[in-house]
Every structure is written in structure tokens, then in C-alpha cells.
Amino acid sequence: MQHEQQLRNDQQPVKHQWLSALVMAFIALPFIALLFLCAYGFIVWFGQMLFWGPPS
């Protein structure tokens, strides 16, 4: 009985790790990448307004 309970307790963290990995892979990392892309676009836009001018 204790062996079965130990197996169930050991499997819970593995399920939690898989869920965390999937959330990171499909939600958090694309969101972070989108934020970096938006920040880069803002920097280029702002730089063109103040320093570099529009592309020719």
C-alpha cells in the first residue's frame, strides 16, 4: 500500500513539470518574444523620428 502511494506522490511533480514546460513553450515564451519584437519596433520608430529619419 505504501509503495503505491509513493508512486502516486512521485508522479505528481512530473505532471506539474510537464504542465509548466507546456505553458512556458506555448504561452510565456511567445509572449516574451512578442514583447521584445514590439520593443525593437518602438526603438526603431522612435529613433527614426528623432535621429535617423525615414528609410530612403
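Shown above is the structure to which this text applies.
Residues numbered from 1 in each chain as written. Predicted model: local features only at pLDDT ≥ 70, side-chain atom pairs only at ≥ 80, totals over all residues. Heavy atoms only, no water.

Novice: Is there a simple way to think about the overall build of the protein in this case?
Specialist: Regarding its fold elements, the protein presents one helix and zero strands. Sorting the 56 residues of the protein into buried and exposed places 2% on the buried side. Total accessible area on the protein is roughly 5,500 Å²; 72% of this is exposed by carbon and sulfur atoms. (Helix = DSSP H or I, 4+ residues; strand = E, 2+ residues; numbered from the N terminus. Buried < 20%, exposed > 50% of the residue type's maximum accessible area, 1.4 Å probe, protein only. Areas by Shrake-Rupley, 256 points an atom, 1.4 Å probe, with all protein chains shown as cover.)

Novice: Explanation requested: the packing of aromatic side chains in the structure shown.
Specialist: The geometry of an aromatic ring pair is captured by the separation of the ring centres together with the interplanar angle, meaning the angle of the planes. Within this structure, the stated rule accounts for four aromatic pairs. Ring geometry for phenylalanine 42 versus phenylalanine 46: centroids 5.7 Å apart, planes at 15°, classification stacked. Of this pair, phenylalanine 42 and phenylalanine 46 are both found in helix α1 (residues 2–52), four residues apart, which corresponds to roughly one turn of the helix. Under the relative-accessibility criterion, phenylalanine 46 is labelled partly exposed at 36%. (Phe/Tyr/Trp six-rings, centres within 6.5 Å; stacked < 30°, edge-to-face > 60°.)

Novice: Quick question: what am I supposed to make of a nonpolar patch on the surface here?
Specialist: Together, Phe42, Ile43, Trp45, Phe46, Met49, Leu50, Phe51 and Trp52 line one region of the surface with nonpolar side chains, adding up to about 970 Å² of accessible area. Here methionine 49 is to be found in helix α1. Overall, methionine 49 belongs to the partly exposed group, its relative accessible area being 48%. (Patch = residues over 30% accessible without salt bridge, like charges linked within 9 Å, V, L, I, M, F, W, Y side chains within 5 Å. Salt bridge = Lys/Arg side-chain N within 4 Å of Asp/Glu carboxyl O.)

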